[in-house]
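The chain contents come next:
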Amino acid sequence: MKDIVLLHRNLRLADNPALYNGSLRRSYCALFVFDETYWKGNGRSNRQLKFALECLRELDESLCQVNAKVRVFCGSLINLADLLNSSFPNAKIHLNQCTDIGYYRDAIARFKSAIGPSRFKEYSDFGVQRLNFDRDRWSRDWERQMREPIVTNPMASEEVDLKSSCLIGVDDFLDLNKAKSLYPNIQEGGSKNAALLLDTFLNSRCEGYKTKMSNPNDAEQACSRLSPHLAFGSISMRTVFQKLESSVPRSPFKSDLNSFKKRLYWHCHFVQKLETEPELEFRSMHPMCDGLRDSYNDEMIEKWITGQTGFPFLDACILFLRDVGWINFRMRAMIMSFASYNLWQPWQKTSPLLAQLFVDYEPGIHISQVQMQSGTTGINLPRIYSVTKQSVEQDPTLTWTTKRLPSLVGLDLKNVHEAELRELYLEKMVDLKSSARKARELIWGIRANPQFKALARKVYLRHGSRKRQWKSTRGKMQS
Ligand SMILES: Cc1cc2nc3c(=O)[nH]c(=O)nc-3n(C[C@H](O)[C@H](O)[C@H](O)COP(=O)(O)OP(=O)(O)OC[C@H]3O[C@@H](n4cnc5c(N)ncnc54)[C@H](O)[C@@H]3O)c2cc1C
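Because the structure is a prediction, the values reported are computed rather than measured. (Residues numbered from 1 in each chain as written. Predicted model: local features only at pLDDT ≥ 70, side-chain atom pairs only at ≥ 80, totals over all residues.)

Of the regular secondary structure elements, the protein chain holds 23 helices and six strands. The buried share of the protein chain, taken over its 479 residues, is 45%. Sequence separation of 24 or more characterises 82% of the internal contacts of the protein chain that already satisfy a separation of 6 or more. (Helix = DSSP H or I, 4+ residues; strand = E, 2+ residues; numbered from the N terminus. Buried ≥ 20, exposed ≤ 12 C-beta atoms within 10 Å, placed from the backbone. Contact = placed C-beta atoms within 7 Å.)

Moving on, we come to the pairing of strand β5 (residues 120-123). Here is the key point about a regular strand: its side chains alternate between the two faces of the sheet. Pairing between strand β4 (residues 92-96) and β5: four bridges, direction parallel. Directly across from I93, in β5, lies its bridge partner F120. Between β4 and its parallel partner β5, the chain crosses via helix α5 (residues 102-115), and the hand of that crossover is right-handed. (Pairing = 2+ DSSP bridges. Right-handed = clockwise from strand over helix to strand, strands pointing away.)

Another point: the sheet that holds β5. Adjacent strands of a sheet form backbone hydrogen bonds with each other and so pair up, either parallel or antiparallel. The mixed open sheet is built from six strands, whose spatial order is β5-β4-β1-β2-β3-β6. Only two strands of the sheet have a single neighbouring strand rather than two, namely β5 and β6 (167-169). Each adjacent strand pair in this sheet contributes to an overall mean axis angle of 30 degrees, direction not counted. When strand β3 (residues 70-74) meets β6, the two strands line up antiparallel, connected through three bridges. Looking across to β6, one finds that V72 is bridged to I168. Lying on the sheet, helix α3 (residues 46-64) is in contact with β2 (28-34) and β3; it crosses β3 at an angle near 140 degrees. (Axes fitted to C-alpha atoms, helices over the stretch in contact; angles between N-to-C directions.)

Attention shifts here to the pairing of β4. Burial runs high along β4: four of the five residues are buried. As judged from the four bridges shared by strand β1 (residues 3-7) and β4, these two strands associate in the parallel manner. Within the sheet, the bridge partner assigned to L6 lies in β4 and is L95.

Turning our attention to unusual backbone geometry. The bulk of non-glycine residues show a negative phi, and the bulk of peptide bonds are trans. Phi at R26 is positive, roughly 60 degrees, even though this residue is not glycine. Within the element layout of this structure, R26 appears in the loop between α1 (17-23) and β2. The partly exposed category is assigned to R26, around which 16 C-beta atoms lie within 10 Å. Unlike most non-glycine residues, W344 shows phi in positive territory, near 55 degrees. Locating W344 in the fold gives a position in the loop between α16 (329-342) and α17 (347-357).

Below, the structure is given as structure tokens:
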């Protein structure tokens, strides 16, 4: 075997540079590393693993058709380096770059050094920039990357298999793994599903996207739902971008599709922040914000993440997320804002628990968004969502809320929206108004410090978006 392609979160056949380049000598195999410690790492969870395994199974089937296979290695990347050095010392290793949690970053660095630089070839994937990185030119470079030709599918292999008792086939691995039978209501992985979602979204589902995306009921259909596929690479960002560009001229929903395009950009813009400053996984973007919340309360955090806050609409959102593994942007922001502002809990404690519930957990996006909704970036104006206001605006008839909380059917709408239910529902964890007022005082107190602005400027120069046209209104909030 001349070439080995390592699979991580790039589980697709099409537009996969590592797989294509690894296939050129026609003697290759793909390897998926199942490292249990990684899957128990910061924000990772079994529901994400289930999705990844579905992508992996489909990729294995596709590779079988070109006489190649996926093999699974159970162990750490450093264990794998030992195996490759002893049993396959001449094979070249190909891998797509991935911005991930610190555990993975450290493991891949150790793997590279154990394998040796001459055997290792890493390819760019998605829109993150590592070489010649320049924030001022970043968006132009991103567009250029997105317009590059789609990479051809891998060649057929002439060698049959990578033989080692340490490697198992995907089907055998799936039989061993329990994650596959759990979570009946989460999205199903695989490139075919991703392609179908993209087609239906571009052709019809995107109608009204711009407004429907804020509502948890409408958003389920009106958003693309591509996020887990982008997170696990069952479709490439370039494929999505190019299909979108070719659809826009003939689409009656141009303005919805333009809004979608901005979000594709944001995806990579946020991942770039973590790539540039990996410490953001644990530290606040603005250094003066880390001292804001210096204690935490496990009991409060547990009630929040299990949907027992006493605020029906918020609880319904959390219960929906627990069941489906996805919820729309506005509700994610509200859930996080409640934990960080109303409950005043440190984001470092709450962020991984929320991430575990998302099938689409993408550390770069998640951590940036969590910090934005906690007021710790220094470059975004703090926004405290009122859960009762969102209840009235997003679910006026409470049809959506009561689907998750049927015991509230038939109660006075106003009382349910305002969570004034006494013994009819759980006790409210906090008083919304006074907790928000206190949070505002603390956040603005720190922002008034003369040093705050100078440090915020540094954060902006390092991470802020330079897209001029988006600075005016909503886009400003996305910097
Ligand atoms: C606290 C919080 C945590 C979040 N964590 C994640 C996460 O772990 N993974 C994740 O993919 N998204 C995350 N988001 C962003 C957003 O909520 C999801 O991308 C979106 O809801 C996914 O659904 P969709 O694919 O239907 O999105 P669409 O609206 O169809 O958007 C298409 C794609 O654009 C990207 N995108 C959309 N909105 C944003 C955004 N605001 N910032 C960056 N990229 C965006 C995503 O890749 C998404 O798949 C988070 C938002 C918040 C407020």
